[in-house]
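Observations on the model geometry
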Amino acid sequence: MSSETRKFGQALIIGGSIAGLLSARVLSEHFEKVIVLERDALPAGPEARKGVPQGHHIHALLEAGLRILDDLFPGMTREMESEGVERIDMARDAAWLQSGSWKARYEGDVESILVSRPFLESKVRGRVAALPNVELREGVSVEHLVLDATNRRVVGVRVKGPEGEQELRGALVVDASGRGSRTPQWLELLGFGAVAQEQVRIDLGYTSRLYERPEGIDAWKILVINGRAPDASRSGFISNVEGHRWIVSLNGYFGDHAPTHDAGFLEFARQLPTSHLYDYIRQARPLSAPVLHKISSSRWLHYERLARMPAGLVLVGDAVCSLNPVFGQGMTVAALGAKLLGEGLARSQGTPEGPPAEMSRRFQKELGKVVGLCWMLTTTQDLAYPRAEGARKPGLKLLQWSFNNMIDLTSVDARACQRFYDVLHMRKGLEGLLDPLFARALLGYNLKSLVVPRAQRANLDTLPPHPSTPPPRPSGRLDNAA
Ligand SMILES: Cc1cc2nc3c(=O)[nH]c(=O)nc-3n(C[C@H](O)[C@H](O)[C@H](O)COP(=O)(O)OP(=O)(O)OC[C@H]3O[C@@H](n4cnc5c(N)ncnc54)[C@H](O)[C@@H]3O)c2cc1C
């Protein structure tokens, strides 16, 4: 976009991680200048850093997120493939025991890439840093918001950095500072009231390490072992990543976290619901020490419900919602947020002050719809644990029962599995599950579950076949799967 078509002056972004960088790319089309303010010193290459401690752990990318990366940075993911990142078909290349039943394997069309978080972030950062009207300022911590004289519009931020304390002005401030965002406190201090929040306490811990990828294992490219709540509360993941390595993550709820010493890590893996992951890693050579990261809760801050939202401020990524990462949604929500922000700005009239107040409000509402789907999928499962603390709405038990049946159905019916992937990978909203064929198949399966034991109607035991033995195409059995 040429500079004549940019409607606004300067934008400020708090946080230079995935949500901040993607927002910067989008804002670069609408603002003369975009400044990303990042507290950390930024590494030159693909290294984990203090402000993104989750970078040590597995990071799956859903298809909707991949598509946005491909749109925003043409050629970037292909370039990554030439450096050892694999592009996969989730339906074919993932072996996934979800809630205790193995997903059907078939030639699908749900794409993803297998990449470590630091590698992905460094590639995105490189592209954003190369944009002529974007500046990344590192070592700068944002300390407060600055309001105009009417107390209705955010017009900048106060920062602490190498040049001491300063005030910076912006026509839009984007808070992309992650789960530790201080906007709720700032807004309350500034008189905007408390931001409503939902929380589900899970005391989850991820422990992860890198391994050298042994030769000759081609049964899957990503392996996930996840038992059924509430009986099983541990999961394990192995994923190929660049550098011919595996990232192996083990997680457990309610303080049952995998130890960070060799023997304890392996023993935790041995006690997963199946022995597959343990059998693969016990012979492999570790390349790094295990690292633990704790996630106390899934948390959603409802900015879309705030009675008075200041103009000139929007929030994206984990600053709005940070989820149990079991479904790998966080980066994709950040990407969808950036996309929505671009669409909102494109629709907005430029005013001398910046985007109109209505833009912020509408943006938070639209983002709330995206987050709502992810929240529903994740918390429905987590609230099946009696120890999970959170609001249990009427009908939850019925929803959990049907959700579990849907998961079991996806172990024996490739078309049903494809519908599930469409929704999980955010190609479609929940309406993807309301498709008449799918709804009929699930209804039939729900009835079947009342009379047929689970072991006879779901694949609980058999690691689905090797992808090089041609898997069956979806068979068209959806409507008679029951
Ligand atoms: C163990 C684990 C595994 C995960 N696995 C997946 C997965 O498989 N797939 C997936 O999509 N997501 C996953 N996630 C979620 C994903 O990591 C987050 O959703 C994503 O990183 C959110 O990005 P963000 O930019 O909003 O925030 P963050 O990545 O948290 O970044 C916030 C940035 O803001 C900076 N910052 C903070 N405060 C300030 C300040 N005051 N001033 C300046 N800078 C500041 C920080 O230094 C940091 O760089 C996982 C998370 C965890 C914890």
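These lines cover the structure that appears in this document, whether it is placed above or below. (Residues numbered from 1 in each chain as written. Predicted model: local features only at pLDDT ≥ 70, side-chain atom pairs only at ≥ 80, totals over all residues. Heavy atoms only, no water.)

Concerning the site of the ligand
Applicable threshold: We call a residue near a given molecule or strand whenever any one of its heavy atoms falls within 4 Å of it. Counting of polar contacts relies on pairs of N or O atoms within 3.5 Å, with two restrictions inside protein: one atom must be capable of donating a hydrogen and the other of accepting it, and residues adjacent in sequence are counted only when both atoms are side-chain atoms. Values of accessible area rely on a 1.4 Å probe in the Shrake-Rupley scheme; residue burial ignores everything except the protein chains shown. The way it works is that DSSP assigns letters per residue, a run of H or I at least four long becomes a helix, a run of E at least two long becomes a strand, and they are numbered from the N terminus. Each residue is assigned to one class: nonpolar for Ala, Val, Leu, Ile, Met, Phe, Trp, Tyr, Cys and Pro, charged for Asp, Glu, Lys and Arg, and polar for all the others, Gly among them.
Surrounding the ligand, one finds 34 residues, the nearest of these being Ser17, Glu38, His59, Ala60 and Arg117. One of the backbone N or O atoms of Val142 is found 3.0 Å from a nitrogen atom in the ligand. Gly328 has a polar backbone atom sitting 3.3 Å from an oxygen atom of the ligand. If the ligand stood free it would expose 1,000 Å²; the protein chains cover 95% of that surface. Breaking the shell around the ligand down by element, the ones donating at least two residues are α1 (18-27), β2 (31-38), β8 (141-147), β16 (291-301) and α9 (330-347). Split by residue class, the shell around the ligand holds 14 nonpolar, 14 polar and six charged.

Some words on the sheet that holds strand β4 (residues 94-98)
Let me state the cut-off plainly: When DSSP locates at least two bridges between a pair of strands, those strands are taken to pair. In what follows, a contact means two residues having at least one pair of non-hydrogen atoms within 4.5 Å. Note on method: axes are straight lines fitted to C-alpha atoms, helices fitted across the in-contact stretch only, with angles between N-to-C directions ranging 0 to 180 degrees.
Strands sit in the order β5-β4-β13-β14-β15-β12-β16-β18 across an open sheet of eight strands; the sheet is mixed. Sheet topology places β5 (101-102) and β18 (321-322) at the edges, where each strand pairs with a single neighbour. Pairing between β4 and strand β13 (residues 222-226): four bridges, direction parallel. Across the sheet, the residue bridging to Ala94 is Ile222, located in β13. Helix α7 (residues 262-270) rests against β12 (197-212), β14 (234-241) and β15 (245-252) of the sheet, and its axis sits at about 75° to β15. Those strands touched by helix α10 (residues 357-382) are β4, β12, β13, β16 and β18, and its axis lies near 120° from that of β16.

Some words on the sheet that holds strand β1 (residues 8-14)
As summarised here, the arrangement of the five strands in space is β7-β2-β1-β11-β17, forming an open sheet in which the pairing is parallel. Lying at the two open borders of the sheet, with one neighbouring strand each, are β7 (134-138) and β17 (313-315). The sheet shows a mean angle of 20° between the axes of neighbouring strands, taken without regard to direction. Across three bridges, strand β11 (residues 172-175) lies against β17 in parallel orientation. Counted as the bridge partner of Val173 is Leu313 from β17.

Points about the pairing of strand β10 (residues 164-169)
In this structure, strand β9 (residues 154-161) lies alongside β10, joined through six bridges in antiparallel fashion. Looking across to β10, one finds that Gly156 is bridged to Arg169. The hairpin turn running from β9 into β10, its antiparallel successor, is two residues long.

A few points about the environment of Gly178
Among the structural elements, Gly178 can be located in the loop between β11 and α6 (183-189). In contact with Gly178, other than residues within four places in its own chain, are Asp318 and Ala319.

Overview of a nonpolar patch on the surface
Put simply, the rule is: Patches in this entry comprise residues that are over 30% relatively accessible and not in a salt bridge; like charges within 9 Å are linked, as are nonpolar side chains (Val, Leu, Ile, Met, Phe, Trp, Tyr) within 5 Å. Take a side-chain nitrogen of Lys or Arg and a carboxyl oxygen of Asp or Glu: if they are within 4 Å of each other, that pair is a salt bridge. Any residue under 20% of the maximum accessible area for its type is buried, any over 50% is exposed, and the rest in between are partly exposed; the area is computed with a 1.4 Å probe on protein chains only.
There is a patch of nonpolar side chains on the surface, built from Leu398, Trp401, Leu443, Leu447, Leu450 and Val451 and spanning about 670 Å² of accessible area. Residue assignment for the nonpolar patch shows that the elements contributing at least two residues are α11 (396-409) and α13 (436-451). Counting residues per element, the nonpolar patch draws most heavily on α13, which supplies four residues. Assignment of secondary structure puts Leu398 in helix α11. The class of Leu398 is exposed, set by a relative accessible area of 60%.

Re the pairing of β1
Our working definition: A crossover gets the label right-handed when its path from the first strand over the helix to the second runs clockwise, viewed with the strands pointing away from the viewer.
Buried residues dominate β1, accounting for five of its seven residues. Across six bridges, β1 lies against β2 in parallel orientation. In the sheet register, Ala11 faces β2, and the bridge partner there is Val34. The β-α-β motif built from β1, the intervening α1 and the parallel element β2 has right-handed crossover chirality.

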